[in-house]
Amino acid sequence: MSIFIDNSTKLIVQGITGRDGSFHTKQMIEYGTKVVGGVTPGKGGQKFEGSVPVFNTVHEAAKATGANTTVIYVPPNYAADAIMEAADAGIEFIVAITEGVPVLDMTRVYPFVKEKGARLLGPNCPGLITPGQSKVGIIPGRICMPGNIGVVSRSGTLTYEVVYQLTRAGMGQSTCVGIGGDPINGTNFIDCLEAFEKDPNTHAVAMMGEIGGTDEQEAAEFVAKHMKKPVVGFIAGQTAPPGRRMGHAGAIISGSAGTAAEKIESFEKAGIGVAKRPMDFVELLKARM
Amino acid sequence: MNIHEYQAKDILRAAGVPIPPGEIATTPEEAEAIAKKLGGLVVVKAQVHAGGRGKAGGVKLAKTPAEAKELASKILGMQIKGLTVEKVLVTTAADIATEAYVGIILDRATKKPVFMVSPAGGIDIEEVAATTPEKILKLPVDTRYGLQPYQASELGFFLFPDDVKKVRAASKIMAALYETFMKNGCSLAEINPLVVTPAGEVIALDAKMSIDDNELDRHPELSALRDETAEEPSEVDARNSNLTFIKLDGDVGCVVNGAGLAMATMDLVKYYGGEPANFLDIGGSSNPEKVVNALRIITADPSVKVILFNIFGGITRTDDVANGIVTATKANPLKIPIVIRLTGTNEEIAMKILTENGFSASSDMDDAVKKAVELAKGGKAA
């Protein structure tokens, strides 16, 4: 078991012929992901790598392939439209990798996706991976290993760092999800925690947050109220100055709100194990399992 | 991206918001000429990207053009929160009967732009929110439909409960502010204070706007408003080299790929008793040129005592980073120690490149950070 994706996931790639899209599609296929099609307007009828059919629209691709999941690698100014097109075509799970999507675009996209009943992950996220089964996005497959730790994070490379250490310590992962670093995104910490709590193959959760917003604080409340499985958390940005955007559009302390200190305090209150360093996850998780 | 008060006012004025006339001056003589042209009482206002300009002495009232000149000579060149005042706005002074606050922020919780209005204007809205939240009305707007007239009027009635004439004037301003916010891809747009004059006119006396950086490709006219003199020169250099860089006060220069890992690296420096000199994310694509630029920017800061690389190769190829380090240091030999941590994609090739060129590298983040902090403190590396 796992959350959101497994070996039955049928994936299409929006922007499959672009630079990033084509590179990562090859990687996903190599990992074993069932890539059933791709979409690039104007390139319908072609075959990607001689085997994956390319379509002009998501509607066509969905109809022809029966895809239930899409991953989006289109440029930032077209990402909102790509997400809406996927939701309109009835795709259940939409993973938007694109970084730099205007936030106001997301204020239109988010309610639209909700009304269509689809799940959105991202934008500005590394995607997700269920080790040994399926990978959707850009998380390097070889640092992961199948197992029972659920991983959820707002970051990319910081997630890799923690996953790499878990794997080296022999602690495999059920699913690793990168929810992304934008201020307005789809799937949040609580959605993932809820899914991990229900997933019989997940025995504990590692959660990596960062400064900005209140997602981590709300997640902590959720853990305290609804979770029986142990959770260990880390917050990046303890040394970040207020009012500055730390790379991720959402990683900003506004006034006095969204600091690392207040998030860590909420973790402690909720009984979440607090990792002071990314290296502390292994020991803290072991002690709780 | 933040823009100056005078730039925000120009945009809002064009959208129909009543704002007293004013012009920008970079010399005391210009300030005098503008004051003369405007006639009557004027306000001379420092144009810097910092709050608390009034408290710092950067906003003054002048009765005559001569006084405007004198005040401008004091304000120009003044330091406000570490920023030098290069420009002043000279604008007609208004008589104030009451002050209100009107702002729109992009709210993460509701995932919508949210209007915030308060009859307690002219002061710090965060303080109002903390001490007297009942004095603030928050109203989220669904951007698919836009601000509806009934919503604008609801906001107006909250400010002026018993004066429908002022409500109408305020509602028009709300609609113009919302339109401006959407059209310019703002993450914040604020009028503080929105004042009522003794004659009953509703006008905007100060304005602040932040543009979502992700919108700048769509809005070249807004990119042109960026004032590079108002920023840290190293940050301007970094942006022009496509690097995300923020200067801090410490002495451990950090070069990292990915924002989350970059923050975690800075935190770990602090954890081991050091102080990070910067935030720097070289991004996902591995281009040796980026490493060369990163090293140039970091070594230009005289307070940096050690350079710390922390690279987790996913999309980023660590051999590209290694090549960048070699190229950059051949062109400009380093005068300070460098600690390199590389792991992930093409790690073996990267290690070989570095060793052949006289560098040592580790694959462990914790060890590398400890070593860098020790070196910064003048100690010997383990």
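Residues numbered from 1 in each chain as written. Chains lettered and ligands numbered in written order. Predicted model: local features only at pLDDT ≥ 70, side-chain atom pairs only at ≥ 80, totals over all residues.

Comments concerning the overall build of chain B
Which entries qualify depends on this criterion: Numbering of helices and strands runs from the N terminus; a helix is a DSSP stretch of H or I covering at least four residues, while a strand is a stretch of E covering at least two. Residue burial is a threshold on neighbouring C-beta atoms within 10 Å of the residue's own C-beta, all placed from the backbone, with 20 or more meaning buried, 12 or fewer meaning exposed, and counts in between meaning partly exposed. The contact rule is simple: place each C-beta atom from the backbone, and if two of them lie within 7 Å, those residues are in contact.
Counting secondary structure elements, chain B contains 13 helices and 19 strands. Expressed along its principal axes, the backbone C-alpha trace of chain B runs to roughly 80 × 50 × 40 Å. Taken across its 382 residues, chain B has 48% of its residues classed as buried. The long-range fraction of contacts in chain B, counting pairs at least 24 apart against all pairs at least 6 apart in sequence, stands at 67%.

Description of the overall build of chain A
Helix and strand counts for chain A come out as nine helices and 14 strands. With respect to the three principal axes, the spread of C-alpha positions in chain A is 55 × 40 × 30 Å. The 289 residues of chain A split such that 60% are buried. Of all intrachain contacts in chain A linking residues separated by at least 6 positions in sequence, the fraction that spans at least 24 positions is 72%.

Overview of helix α1 (residues 19-31) of chain A
All names here are of chain A. The condition that has to hold: Here the expected span of a helix is defined as 1.5 Å times the quantity of residues minus one.
Helix length check: α1, at 13 residues, gives a terminal C-alpha distance of 19 Å against a target of 18 Å (1.5 Å per residue), a fit within 8%. Where α1 is buried, its residues meet β1 (10-14), β2 (34-39), β3 (47-48) and β9 (134-137). Once α1 ends, the next one or two residues include Gly 32, with phi positive near 115°.

A short note on unusual backbone geometry
Residue A:Pro123 is bonded to the preceding A:Gly122 through a cis peptide linkage, with omega at 10°. Assignment of secondary structure puts A:Pro123 in the loop between β7 (119-121) and β8 (127-130). Look at the link from B:Asn192 to B:Pro193: it is a cis peptide, with omega at 10°. Position of B:Pro193 among the secondary structure elements: in strand β11 (residues 186-196).

Some details on the sheet that holds β3(A)
Residues and elements named next belong to chain A. As a reminder of what qualifies: Between any two strands, at least two bridges found by DSSP are needed for them to pair. For every element, the axis is a line fit to its C-alpha atoms; helices are fit only across the contacting stretch, and the angle between N-to-C directions ranges from 0 to 180 degrees.
The strand order β3-β4-β2-β1-β5-β6-β7 describes an open sheet built from seven strands, whose pairing is mixed. Taken across any chain shown, the strands that pair with only one partner, and hence form the sheet edges, are β3 and β7. Sheet contacts for α1: β1, β2 and β3; angle to β2, the most-contacted strand, approximately 165°.

Notes on the interface of chain B and chain A
Accessible area lost upon the coming together of the parts is a frequently used measure of interface size. We count it as follows: Residues are grouped as follows: nonpolar covers Ala, Val, Leu, Ile, Met, Phe, Trp, Tyr, Cys and Pro; charged covers Asp, Glu, Lys and Arg; every other residue, Gly included, is treated as polar.
Opposite the 43 residues of chain B that make contact, chain A presents 44 residues. By residue number, the principal contributor to the side of chain B that touches chain A is helix α9 (residues 259-271) of chain B, which donates eleven residues. Across the side of chain B that touches chain A, the residue classes break down as 19 nonpolar, ten polar and 14 charged.

Focus: the sheet that holds strand β3 (residues 42-46) of chain B
Residue and element names in this part refer to chain B. Read across the sheet, four strands follow the order β2-β7-β3-β4 without closing on themselves; strand pairing throughout is antiparallel. Single-partner strands in this sheet number two, and they are β2 (22-25) and β4 (59-62). Neighbouring strand axes in the sheet, compared pairwise and without regard to direction, differ in orientation by 20° on average. Sheet analysis places β3 next to β4, joined by four bridges and oriented antiparallel. Each residue of the ladder has a partner; that of Lys 45, found in β4, is Val 59. Contacting β2, β3, β4 and β7 (88-92), helix α3 (residues 65-75) crosses the sheet at an angle of about 10° to β3.

Thoughts on the environment of A:Ser254
As for its placement among the helices and strands, A:Ser254 is situated in the loop between β13 (231-236) and α8 (260-269). Each C-alpha atom, one on A:Ser254 and one on A:Gly38, is 40 Å from the other, the two residues being 216 residues apart in sequence.

Structural notes on the packing of helix α5 (residues 157-168) of chain A against α9(B)
Keep this limit in mind: For this classification, under 35 degrees means roughly parallel, over 145 means roughly antiparallel, 65 to 115 means roughly perpendicular, and everything else is oblique.
Relative to each other, α5(A) and α9(B) sit at 70°, their axes nearing to 5 Å. Put simply, α5(A) runs roughly perpendicular to α9(B). On α9(B), the residues touching A:Thr157, A:Leu158 and A:Glu161 of α5(A) are B:Gly260, B:Leu261 and B:Ala264.

With respect to the pairing of β8(A)
All names here are of chain A. Burial of β8 is two-sided: the residues Gly 127 and Ile 129 facing one way and the residues Leu 128 and Thr 130 facing the other way are all buried. Direction of pairing for β8 relative to β9: antiparallel, over a ladder of four bridges. Of the residues in β9, the one forming a bridge with Thr 130 is Ser 134. Connecting β8 to the next strand, β9, in antiparallel fashion are three residues, including Gly 132 with a positive phi near 80°. Here three bridges tie β8 to strand β11 (residues 173-178), and the two strands are oriented antiparallel to one another.

Section: the pairing of strand β12 (residues 204-210) of chain A
Residue and element names in this part refer to chain A. Of all seven residues making up β12, seven are buried, and the element is well covered by its neighbours. Here β12 shows a buried face lined by Ala 204, Ala 206, Met 208 and Glu 210 and a second buried face lined by Val 205, Met 207 and Gly 209. In the sheet, strand β10 (residues 146-153) pairs with β12 via five bridges, with the strands oriented parallel. Bridge pairing in β12 links Gly 150 to Val 205. Note: β12 against β13, six bridges, orientation parallel. When the bridges of β13 are listed, Gly 209 appears paired with Ile 235.

A word on the packing of α9(B) against helix α13 (residues 365-376) of chain B
Residues and elements named next belong to chain B. Note the following rule: We call a crossing left-handed when the near helix sits turned anticlockwise from the far one by less than a right angle, and right-handed when that turn is clockwise.
Two numbers describe how α9 lies on α13: the axes approach to 9 Å, and their chain directions differ by 55°. Between α9 and α13, the crossing angle belongs to the class labelled oblique. When the axes of α9 and α13 are compared, the crossing they make is right-handed. Of α13, the residues touching α9 (which contributes Thr 265, Leu 268 and Val 269) are Val 369, Ala 372 and Val 373. Class assignment for the residues of the contact of α9 with α13 results in five nonpolar, one polar and no charged.

Some words on the nonpolar core
Note the threshold: Only buried residues count toward a nonpolar core: Ala, Val, Leu, Ile, Met, Phe, Trp, Tyr and Cys, linked into one set through C-beta atoms within 7 Å.
Counting 199 residues, the largest nonpolar core has A:Ile72, A:Ile83, A:Ile94, B:Met174, B:Leu177, B:Leu280 and B:Ala372 as the members making the most contacts within it. The element that contributes the greatest number of residues to this core is helix α6 (residues 164-183) of chain B, accounting for nine residues. Excluding anything up to four places from it in sequence, A:Ile94 contacts A:Thr70, A:Ile72, A:Ile83, A:Ala86, A:Ala87, A:Val113, A:Ala118, A:Arg119 and A:Leu120. Of all hydrophobic cores here, the second largest spans 19 residues; its members include B:Val48, B:Leu71, B:Ile75 and B:Leu76.

Some remarks on α3(B)
Buried within α3(B) we find B:Ala68, B:Lys69, B:Leu71, B:Ala72 and B:Ile75. In this fold, the buried residues of α3(B) make contact with β2, α2 (28-38), β3, β4 and β7 of chain B.

What to know about the environment of A:Gly90
Residue and element names in this part refer to chain A. Positionally, Gly 90 belongs in the loop between α3 (76-88) and β6 (93-96). For Gly 90, a count of 15 C-beta atoms within 10 Å puts it in the partly exposed group. As a C-alpha pair, Gly 90 and Ala 118 span 28 residues in sequence and 7.5 Å in three-dimensional space.

Read these as layout, nothing more, since geometry by itself doesn't imply function.
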